[in-house]
Amino acid sequence: MGLLDILLGRTKPVAPDLDQLFALPSAAVTLEAAAGFTPTGSGAVCFATVEGAAFEQTHREVQALLDADADRAGPPVELRQDDYGYSWLVSRRQPDQLPQLVNDLHAVNSSMEVNGFGPQLLCSLAAFADDTGRRLALVYLYKRGTFYPFAPLPGGAEHRDNALELQVKATLASDLRIEQDLSRWFPVWGAPGL
């Protein structure tokens with residue numbers, strides 16, 4: 001960043017730090033102890049829809065990489081599209097396999113980044129639930145390098161449990177790099193696996 005950038009108030013965007021995803025398993029321990037939420041075993045990577053042979057090749061590479069895991073039952077990565085036109089690569093594991101799920105999410109993000117699809121990456125999420133059926137996602141914003149909680153209210157209407165989200169923010173402040181700008185806590189309605 002040069003002097004002209006400083007004078008004009010321009011800033012460099014934060015570089016993605018995919019290694020932040022590896023903080024999720026320790027954050028999950030804190031989340032369970034403080035709020036009773038446990039991993040569901042579901043996670044996903046969201047990106048702007050990409051078409052073409054290059055993306056299909058990347059998808060096949062990711063599929064082959066994650067198919068090599070002998071501990072997995074079922075398809076390793078499922079490509080889905082939501083009602084808003086975004087694509088999701090969804091991974092499912094056993095609820096007690098959060099570290100393996102995080103490895104899957106990291107591998108998907110890294111493969112897309114290496115193959116030139118980094119600008120299309122939007123977020124990754126890991127899903128959690130409590131004994132009462134409340135759902136929660138810890139969402140990683142790819143372009144910001146930060147996390148935020150997303151807690152949809154049950155019932156199908158697009159309403160959030162803002163109190164729970166703020167409680168989780170406070171609970172995980174020392175475990176994850178939490179996004180401080182609440183206007184960037186985008187709802188991920190229709191996210192597969194949530």
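Structural data are supplied above this passage.
Reading the values: the criteria
- Residues numbered from 1 in each chain as written.
- Predicted model: local features only at pLDDT ≥ 70, side-chain atom pairs only at ≥ 80, totals over all residues.
- Heavy atoms only, no water.
- Pairing = 2+ DSSP bridges.
- Helix = DSSP H or I, 4+ residues; strand = E, 2+ residues; numbered from the N terminus.
- Axes fitted to C-alpha atoms, helices over the stretch in contact; angles between N-to-C directions.
- Contact = heavy atoms within 4.5 Å.
- Buried < 20%, exposed > 50% of the residue type's maximum accessible area, 1.4 Å probe, protein only.
- Core = buried A, V, L, I, M, F, W, Y, C linked by side-chain atoms within 4.5 Å.
- Salt bridge = Lys/Arg side-chain N within 4 Å of Asp/Glu carboxyl O.
- Phe/Tyr/Trp six-rings, centres within 6.5 Å; stacked < 30°, edge-to-face > 60°.

Q: Give a detailed account of the sheet that holds strand β5 (residues 135-141), specifying residues and quantitative values.
A: As summarised here, the arrangement of the 6 strands in space is β2-β3-β1-β4-β5-β6, forming an open sheet in which the pairing is antiparallel. Only two strands of the sheet have a single neighbouring strand rather than two, namely β2 (78-81) and β6 (146-150). Taking the axes of each pair of neighbouring strands and ignoring which way they run, one obtains an average angle of 25 degrees across the sheet. Relative to strand β3 (residues 86-92), strand β1 (residues 38-48) runs antiparallel, the two sharing 7 bridges. Paired with A48 across the bridge in β3 is Y86. Relative to the sheet, helix α4 (residues 98-117) contacts β1, β3 and β4 (121-129), its axis offset from that of β1 by approximately 10 degrees.

Q: Help me get a handle on the pairing of β3, residues and values and all.
A: Buried residues dominate β3, accounting for 5 of its 7 residues. Two strands pair when backbone bridges link them, and β2 and β3 are joined in this way by 4 bridges, in the antiparallel orientation. For L79, the partnering residue across the bridge sits in β3 and is L89.

Q: Can you explain the nonpolar core? Please cite residues and give values.
A: If you look at the biggest cluster of nonpolar residues, it comprises 56 residues, and the most contacted ones within it are L31, W88, F128, L176 and V188. Examining the composition of this core, we find that 8 residues originate from one element, α4, more than from any other. If we ignore the near neighbours within four places in the chain, the residues touching V188 are W88, C123, L125, V139, Y148, F150 and L194.

Q: Quick one: what's the story with the pattern of salt bridges, residue by residue and with numbers?
A: What the rule picks out here adds up to 8 salt bridges. For D17, the salt bridge identified is with R177, shortest N-O distance 3.9 Å. Within this pair, whereas D17 is found in the loop between α1 (3-8) and α2 (24-35), its partner R177 is found in the segment after α5 (162-171), the two being separated by 160 residues in sequence. Linking R92 and E78 is a salt bridge whose minimum nitrogen-to-oxygen distance equals 4.0 Å.

Q: So what's going on with the packing of aromatic side chains? Which residues, and what values?
A: The full count for this structure, using the stated rule, is 3 aromatic pairs. Arranged with centres 5.1 Å apart and planes meeting at 55 degrees, the rings of Y140 and F147 form a pair that is tilted. The two residues Y140 and F147 agree in class, both being buried. Taking 5.1 Å as the distance between ring centres and 75 degrees as the angle between the ring planes, the aromatic pair formed by F150 and W189 counts as edge-to-face. Note that F150 is positioned in strand β6 and W189 in the segment after α5, a separation of 39 residues in sequence. For F150, a relative accessible area of 0% corresponds to the buried category. Given a relative accessible area of 16%, W189 falls into the buried group.

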